[in-house]
Amino acid sequence: MQIQENISLRQYNTFGIEVYAKYFAGFSNMNELARLTEQAHKDAVIVLGGGSNVLFTQNINGWVWKNNIMGIEELGEDNSFVYVKAGAGENWHRFVQYAISRNWAGLENLSLIPGNVGAAPMQNIGAYGVELKEVFNSLEAFHLREKKVHTFTAGDCHFGYRESVFKKELKGEYVILNVSFRLRKDPVFHTTYGAIREELDKMNITSLSIGAVSQAVINIRSSKLPDPAVTGNAGSFFKNPSVSKKQYAGLKEKYPSIVGYENADGTVKLAAGWLIEHSGPSEGTGWKGYREGAAGVHDRQALVLVNYGGATGREIYELSKQVLESVYSKFGVTLEREVNVY
Ligand code: EPU
């Protein structure tokens, strides 16, 4: 296990922001992680997975640890499910593809999400009508102060929309080591969300399979979302905000094309992309496609901020502040950042 000093984090965050970490180390198992906790003692630590949900706005005057715990293991099965454990450092999409190749169903709608397995429960990743919590079985996490491994069931994780206990009550206390999934032997297809059905028709799919659903999701994502290998970004920069039914009715009256979906609790989740596209500098496209230096708002999905190359984290953050303020002043709705800002 090698400890490096003053190293650039550019290759460790998908925004491609150049900041430096005072100390940097990767760990491949729990023993290495335990050794690092000894070394860091009480210093502040940031643990990185794939770096796909962070924005660095300054140099890190402490430790950055990269989770490199690998391995995929079949734990067992019953009549309906296969139980599979994956190391937190496994690339998410590679894990999804592995499951599809074995005919294990449930992950196909979550294809092509950037990042690693360990970050998936952290923010209960979701896309195209499926959330991680639906395929989650349990996880093991290392408590940094107690230096002990604890097992978390779905109930323990308090999953919400892009939320879990690890982003709230237990923030900074645990490092996720591995995640176990409950995958179906017989698929249950989720094809009603958004453009999936349309894409499957375009692909001339007559008999549905998890491979086909995965490919449809890959096609849709690639057409809308920038590839971080080409243009720096961290997926949706903001969450979709929820408002009361009453506030929604008022907005709908004033802005008939506004997009909202009713939540189970009666509140309404607004498409932040729509709000961003309908506020800001341009009459027709709002912030969509807006660019200031190397920082910008993606031209095909307004919820995504991009680094065209060489932007600083501060510049991206400032742009996000302008977007936030302009959405608030036009619609009276406060956007919340989904990305973790350091
Ligand atoms: N919309 C606009 N303008 C835009 C973008 C979207 O009007 O620039 C409207 C669309 O017309 C559509 C609605 O907003 O009616 C929803 O758009 P989309 O299906 O693209 O999804 P989203 O709500 O913008 C969420 C997730 C994405 C996920 C997609 C698909 C959040 C914060 N984002 O985006 O997740 O891929 O749904 O399920 O919930 C991520 O979290 O990083 C992410 C990419």
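Residues numbered from 1 in each chain as written. Predicted model: local features only at pLDDT ≥ 70, side-chain atom pairs only at ≥ 80, totals over all residues. Heavy atoms only, no water.

**Some words on the pattern of salt bridges**
Two side chains that carry opposite charge are able to pair once their charged atoms sit near each other.
Phase 1 of the analysis: In this structure the tally under the stated criterion is 11 salt bridges.
Phase 2 of the analysis: Across the salt bridge formed by Glu 262 and Lys 245, the nearest N and O atoms sit 3.4 Å from each other. Remark: Lys 245 occurs in helix H7 (residues 245-254) and Glu 262 occurs in strand S15 (residues 260-262); sequence separation between them is 17 residues.
Phase 3 of the analysis: Several salt bridges share partner residues, and in doing so they unite Glu 163, Lys 239 and Glu 336 into one network. (Salt bridge = Lys/Arg side-chain N within 4 Å of Asp/Glu carboxyl O. Helix = DSSP H or I, 4+ residues; strand = E, 2+ residues; numbered from the N terminus.)

**Describing the environment of Gln 215**
Phase 1 of the analysis: Note that Gln 215 resides in helix H6 (residues 210-224).
Phase 2 of the analysis: The class for Gln 215 is partly exposed, based on a relative accessible area of 36%.
Phase 3 of the analysis: Through-space distance from the C-alpha of Gln 215 to that of Glu 108 is 8.4 Å; in sequence the pair is 107 residues apart. (Buried < 20%, exposed > 50% of the residue type's maximum accessible area, 1.4 Å probe, protein only.)

**As for the site of the ligand**
Phase 1 of the analysis: Taken together, 23 residues lie near the ligand, and Tyr 128, Tyr 161, Ser 236, Glu 277 and Ala 302 sit nearest.
Phase 2 of the analysis: Lys 224 has a polar side-chain atom sitting 2.9 Å from an oxygen atom of the ligand.
Phase 3 of the analysis: In isolation the ligand exposes 810 Å². Once the protein is present, 83% of that is buried.
Phase 4 of the analysis: When residues of the shell around the ligand are traced back to their parent elements, those giving at least two are H6, strand S13 (232-236) and helix H8 (272-277).
Phase 5 of the analysis: Per-element accounting of the shell around the ligand gives the leading share, three residues, to H8.
Phase 6 of the analysis: Taken together, domain 2 (72-224) and domain 3 (232-341) each give at least three residues to the shell around the ligand, which thus spans both. (Near = heavy atom within 4 Å. Polar contact = N/O pair within 3.5 Å; in protein donor to acceptor, adjacent residues only side chain to side chain. Areas by Shrake-Rupley, 256 points an atom, 1.4 Å probe, with all protein chains shown as cover. Domains from an automatic or database assignment.)

**Some points on the domain arrangement of the protein**
Phase 1 of the analysis: The domains assigned to the protein are domain 1 (3-67), domain 2 (72-224) and domain 3 (232-341).
Phase 2 of the analysis: For domain 1 versus domain 3, the distance between C-alpha centres works out to 29 Å.
Phase 3 of the analysis: Taken together, the contacts link 10 residues of domain 1 with 17 residues of domain 3.
Phase 4 of the analysis: For the pair domain 1 and domain 3, the summed buried surface comes to about 1,100 Å²; carbon and sulfur atoms form 55% of the total.
Phase 5 of the analysis: Inspection of the domain 1/domain 3 interface yields zero salt bridges. (Contact = heavy atoms within 4.5 Å. Buried area = accessible area lost by both parts, 1.4 Å probe.)

**So, the sheet that holds strand S16 (residues 268-270)**
Phase 1 of the analysis: As summarised here, the arrangement of the three strands in space is S14-S16-S15, forming an open sheet in which the pairing is antiparallel. The two strands at the open ends of the sheet, each matched to only one other strand, are strand S14 (242-243) and S15.
Phase 2 of the analysis: In terms of strand pairing, S15 meets S16 through three bridges, oriented antiparallel. Counterpart to Gly 260 in the pairing with S16 is Leu 270.
Phase 3 of the analysis: Lying over the sheet, H7 contacts S14, S15 and S16, oriented at roughly 45 degrees with respect to S16. (Pairing = 2+ DSSP bridges. Axes fitted to C-alpha atoms, helices over the stretch in contact; angles between N-to-C directions.)

**Some words on helix H9 (residues 313-331)**
Phase 1 of the analysis: Taking 1.5 Å as the rise per residue, H9 with 19 residues should run 27 Å; its terminal C-alpha atoms sit 27 Å apart, in good agreement.
Phase 2 of the analysis: Elements that come into contact with the buried residues of H9 comprise strand S4 (54-55), H7, H8, strand S18 (295-297) and strand S19 (304-307).
Phase 3 of the analysis: Immediately beyond the C-terminal end of H9, within one or two residues, lies Gly 332, with a positive phi of roughly 70 degrees. (Expected span 1.5 Å × (residues − 1).)

**Details of the sheet that holds strand S10 (residues 136-143)**
Phase 1 of the analysis: Spatially, five strands are ordered S6-S7-S12-S10-S11 in an open sheet, and the strand pairing comes out antiparallel. The two strands at the open ends of the sheet, each matched to only one other strand, are strand S6 (72-77) and strand S11 (148-153). Neighbouring strand axes in the sheet, compared pairwise and without regard to direction, differ in orientation by 20 degrees on average.
Phase 2 of the analysis: As paired strands, S6 and strand S7 (residues 81-87) are joined by five bridges and run antiparallel to one another. Considered in S7, the bridge of Glu 73 is made with Lys 85.
Phase 3 of the analysis: Here helix H1 (residues 30-40) sits on the sheet in contact with S10, S11 and strand S12 (174-184), set at roughly 40 degrees to S10.
Phase 4 of the analysis: The sheet contacts of helix H2 (residues 92-101) involve S6, S7 and S12, and relative to S12 the element is tilted by about 25 degrees.

**A closer look at unusual backbone geometry**
Phase 1 of the analysis: Even without being a glycine, Leu 112 presents a positive backbone phi close to 65 degrees.
Phase 2 of the analysis: For Leu 112, the location among the structural elements is in the loop between H2 and helix H3 (119-122).
Phase 3 of the analysis: On the accessibility criterion, Leu 112 (30% relative accessible area) is partly exposed.
Phase 4 of the analysis: In the Ramachandran plot, Lys 147 falls in the positive-phi region, its phi being about 55 degrees despite a non-glycine side chain.
Phase 5 of the analysis: Given the relative accessible area of 35%, Lys 147 is considered partly exposed.

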